[in-house]
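If you want the building blocks of each chain, they are given just below.
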Amino acid sequence: MEIPKEYLPHESEDRWTAAWESAALFRADPGGAKAPFCMVIPPPNVTGNLHIGHVLVYTLHDVVARWRRMQGRDVLWLPGTDHAGIATQMVVERELAKEGKSRHDLGREAFVERVWEWKKRYGGRIVEQLRRLGASVDWSRERFTLDDGLSRAVRSVFVRLYQQGLIYRDRYIVNWCPRCHTALSDLETVHEPVPGKLYLVRYPSADGSFSIAVATTRPETMFGDVAVAVHPDDERYRDRVGKQVLLPLADRPIPVIADAFVEREFGTGAVKITPAHDPNDFEAGRRHGLPEVVAIDTSARMTAEAGDLAGLDRFEARARTVERLEARGLLLGVREHEHAVGHCQRCGTMIEPLVSHQWFVKIAPLAEPAIAAVERGDTRFVPETWAKTYFEWMRNIHDWCISRQLWWGHRIPAWYCDPCGTVVVAESDPEGCEGCGGPLRQDDDVLDTWFSSALWPFSTLGWPDDTEDLRRYYPTDVLITGFDIIFFWVARMMMMGLKFRDEVPFREVYIHGLVRDARGQKMSKSKGNTIDPQELQGRYGTDAVRLTMAILAAPGNDIPLAPERMEGYRAFCNKLWNASRFVLMRLGDAPPGAWSRERLSLVDRWILSRLDRVVGDVARALEEYRFDRAADALYHFVWGDFCDWYIELVKPDLAAGDADPARAETARAVLLDVLSTVLRAMHPFVPFLTEELWQKLPGDSRGYLAVASWPVSRGGDVDPEAESAVGMLQELVVKIRNLRAETRIDPARAVEVVIAPADEAGRRLVGEESARIASLVRASTVRCAALEPGAVAARGVARGFEIAIPLEGVLDIELERARLAKELSKIESELEARSRKLDNPSFLERAPREVVDKERVLHGELLEKRSGVRRTLAALSGGQAP
RNA sequence: GGGCGGUUAGCUCAGCGGUAGAGCGCCUGCCUUACACGCAGGAUGUCAUUGGUUCGAAUCCAGUACCGCCCACCA
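Keep in mind that what you see is a predicted model, and the values were worked out from it rather than measured.

Peer 1: Outline empty space enclosed by the protein, supporting the account with residue identities and numerical values.
Peer 2: A complete count under the given rule lists three cavities of 30 Å³ or more for this structure. What the largest cavity holds in volume is close to 60 Å³. With three residues, helix 1 (residues 9-22) is the single largest residue contributor to the lining of the largest cavity. Split into classes, the residues belonging to the lining of the largest cavity amount to four nonpolar, two polar and three charged. Looking at the second largest cavity, its volume works out to about 40 Å³. Taken together, Pro44, Tyr58, Pro79, Gly80, Thr81, Ile126, Val127, Leu130, Trp139 and Glu142 make up the lining of the second largest cavity. Among the elements of the structure, strand 3 (80-81) and helix 5 (108-132) are those that each provide at least two residues to the lining of the second largest cavity.

Peer 1: I'd like a description of helix 23 (residues 760-777), backed by residues and values.
Peer 2: At glutamate 769, helix 23 shows its strongest bend, of approximately 70 degrees. Among the residues of helix 23, Gly762, Leu765, Val766, Glu769, Arg772, Ile773, Ala774, Leu776 and Val777 are the ones counted as buried. The opening residue of helix 23, the one whose side-chain oxygen lies 3.4 Å from the backbone nitrogen of alanine 761, is aspartate 759. Trailing helix 23 by a residue or two, arginine 778 shows a phi angle of about 55 degrees, which is positive.

Peer 1: Explain the sheet that holds strand 19 (residues 423-425) residue by residue, including any values.
Peer 2: The strand order across the open sheet built from three strands is 19-18-20, with neighbouring strands paired in antiparallel fashion. Looking at which strands have only one partner, the edges of the open sheet turn out to be strand 19 and strand 20 (441-442). Bridging between strand 18 (residues 414-416) and strand 19 involves three bridges; their strand directions are antiparallel. Each bridged residue has a counterpart across the sheet, and for tyrosine 416 the counterpart in strand 19 is valine 423. Contacting strand 18, strand 19 and strand 20, helix 6 (residues 148-163) runs over the sheet at an angle of about 130 degrees to strand 19.

Peer 1: Go over the protein's contact with RNA strand B with me, naming the residues and quoting the values.
Peer 2: In the region of RNA strand B, 61 residues are neighbours, and Asn280, Asn557, Pro560, Arg581 and Arg846 sit closest. The sugar and phosphate moieties of RNA strand B supply 61% of its atoms located within 4 Å of the protein. For RNA strand B, a sugar or linking oxygen lies 3.5 Å from a polar atom in the side chain of threonine 217. Side-chain polar atom of asparagine 840 to a sugar or linking oxygen of RNA strand B: 3.0 Å apart, as the coordinates give it. Taken together, the elements giving at least two residues each to the surface near RNA strand B come down to strand 8 (211-216), strand 13 (331-344), helix 17 (563-587), helix 19 (627-655), helix 22 (720-742), helix 24 (813-839), helix 25 (841-846) and helix 26 (849-880). Counting residues per element, the surface near RNA strand B draws most heavily on helix 17, at 12 residues. Residues of the surface near RNA strand B, tallied by class, amount to 23 nonpolar, 15 polar and 23 charged.

Parameters at a glance
- Residues numbered from 1 in each chain as written.
- Chains lettered and ligands numbered in written order.
- Predicted model: local features only at pLDDT ≥ 70, side-chain atom pairs only at ≥ 80, totals over all residues.
- Heavy atoms only, no water.
- 1 Å grid on protein atoms, 1.4 Å probe; cavity = no way out; pocket = protein on both sides within 12 Å on 5 of 7 lines; lining within 4 Å.
- Points joined across faces, edges and corners; volume = space filled by probe spheres on them.
- Helix = DSSP H or I, 4+ residues; strand = E, 2+ residues; numbered from the N terminus.
- Nonpolar A, V, L, I, M, F, W, Y, C, P; charged D, E, K, R; others polar.
- Bend = angle between axes of the 7 residues up to and from the residue.
- Buried < 20%, exposed > 50% of the residue type's maximum accessible area, 1.4 Å probe, protein only.
- Polar contact = N/O pair within 3.5 Å; in protein donor to acceptor, adjacent residues only side chain to side chain.
- Pairing = 2+ DSSP bridges.
- Contact = heavy atoms within 4.5 Å.
- Axes fitted to C-alpha atoms, helices over the stretch in contact; angles between N-to-C directions.
- Near = heavy atom within 4 Å.

Structural measurements only, silent on function.
So, in structure tokens, the structure goes:
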């Protein structure tokens, strides 16, 4: 079989993606006998491109999915996309803008039609990218949040919550984006510090007897002022309460009121009350029965209340207002003042708090059971610390504004009869008004995108119908997502799942970190440090990208993505490829049968033992979502144990095939066994590479690796004796190599190595493994013998062995002496620390037995090593002295 | 203002009660017929700081100093 020296990912990726799909390997099988395992994908935005964060989260999902599938579970990983209301509407509006049109030019119906067209054209892009990542999702169950089924779920939930009084419509102050022209939830507004100014403005009393200085950051809103508030206990203003002041510029009389929400220490201790443009003031206004005077409109322009400033943009109006106040001597001072201001999450425009009619979810009654479920452990956060974040938010939750003044989304199922005022909220479109029979008008608004996302774990499985999928796969097993959407999504799914299914939507929530750039900076388009996954996949191969993601995903930590790191994992993929190539070349056309235990050599027993442990470690790590540990364990097993040691150790066996065919045959069988186990264990991380190699293994009707069984620890393979013996052998080999390097022996020169073992076990080890040792250290012979004190030789001491490489005439004795003296002092300082410990009676008395024992063993070994080095030094001197 | 997290080798990070680790980088040698995306050898750390608990602390506790992040209606 001809196998290229390099792994070339691309062709193999396309081939296996297609093969797996056409074999329908990832289709869930609800009718089968296997235990179910279900995850729903965090649905990407249809308009989106797969970014590096997606690659991380979907890689982790796929590792879990492939691993569970290979473990014999009936895995459903359900894919789908989100209509992403504002984001998608914005994309299409931008496209329209290029044609010089707005959505209003098209009208609602035509616009929505246009978005659907857009979705048809580009919505597949992200799906294709997901496919290219190797995501083993069940495409037959793909969902979209605006599908008929999901829309039905949305309506059903809305109606039920409405009927229970948990959804209500109210006139309330909300976060308004003057650019998107829609209300936003609190979560969709991001607070950012803005350098601003604090203006002190004098409000004179109506009768001219006094005046009150008021502090404000937004003087332009004063046209909406309806009062000035002070703290009820504030001595300075006590006798002003109840009197009238004249609103400057407008010359409108407004009352001075007392309210405890005023902070006496801030500014002047007096606040202007603008209920229509400030959430605090809105509440205060309601408490005091004050009117709402609208000074700013939905486009953030001044209304007629602002007199001749009407029509001006709010910032322009601010400048003018300040000018005028100053001109009239009413501006008492201006101070620099940085404060946090809400911005639209989507477009970055400064939020304008406005009063309008909106729909809300009364959230506290839903939050309560969702808090309790996590407290009970029905849903577990991994890492656990994220539960705190969840609780913190859930316990301070505010009602959720769910209506959006957009066109793309689930239209609110509420109808109004204008003549008689009846409101109909229903799952199916009503014919006419039940009261007067008149025509009904449907609410213009659509629902917050996250409303439908909140239902995702059950709406995708068929709810509100009682489907087989729903019964079988809900609750899902695990949700994997980023901390940035714990509130947006995780918390809301918890609430809705419990409300409508009486059961948490997922048993575990694994929260991953944020992918950052090599220097730990957050990736953002504006910083220009984003990395395109497609490009990475092209450069390093999808498997290398996936492996990097998994191995860097240490829980609770962000992921700094350095390209050099990825180069390393690409190299690993190539390493595995070449190790396989080696094995396959040695196997030839006649594949070995199964090995038998009695024929195993020491090193065979060792590698099988190591493998068994690693397989167990990996499974345990995956159970705990320690993707980093799992991948790291495999990485080091493959590169270290298997490639650096085992393959090198059995080369003599394979080469001596004619002399000892049975030995060679066993070695081949073990090589194949280890390789096939490694391929199976690594498949969840590097699916393409391993499938490609799996298919090259000898033997017929092997089937797909993607559905092969994940290795289970055989237990019986663990062999402490072999591990300890090979451990010594490794130390011996490393010491000999080190001697060669330190004494500058020509690397090509085959030397003679003489070893004096400390005991019989060591003697046997060297005797039996001399051929292997020789091959690893480039020796012509390796033999056990007492070391002659006088001989000129490079000398060293390993645990349990003294070593000499005879070198007549080539060795620099002084250099050797210095080297050994240095080694001796190192040993002595270590010995000192260790002796101190063993001399300490409290340690002997209080430390656990096994710790003390271990300490004694190590101490003994050190003593032995020291005397070995001393002997060696003496021998060297003996050699020098004539 | 509240909450959460970080500070370990030049860089990015693991480790979280019993001899300081990885990858990359660095230094020395090697094209040893699986692999130069490689092989072998090597150097490198008062584990932020101060105190405490412990036979023993990078690891647990408390304080301090810097860095992040999230939430929040001091205008």
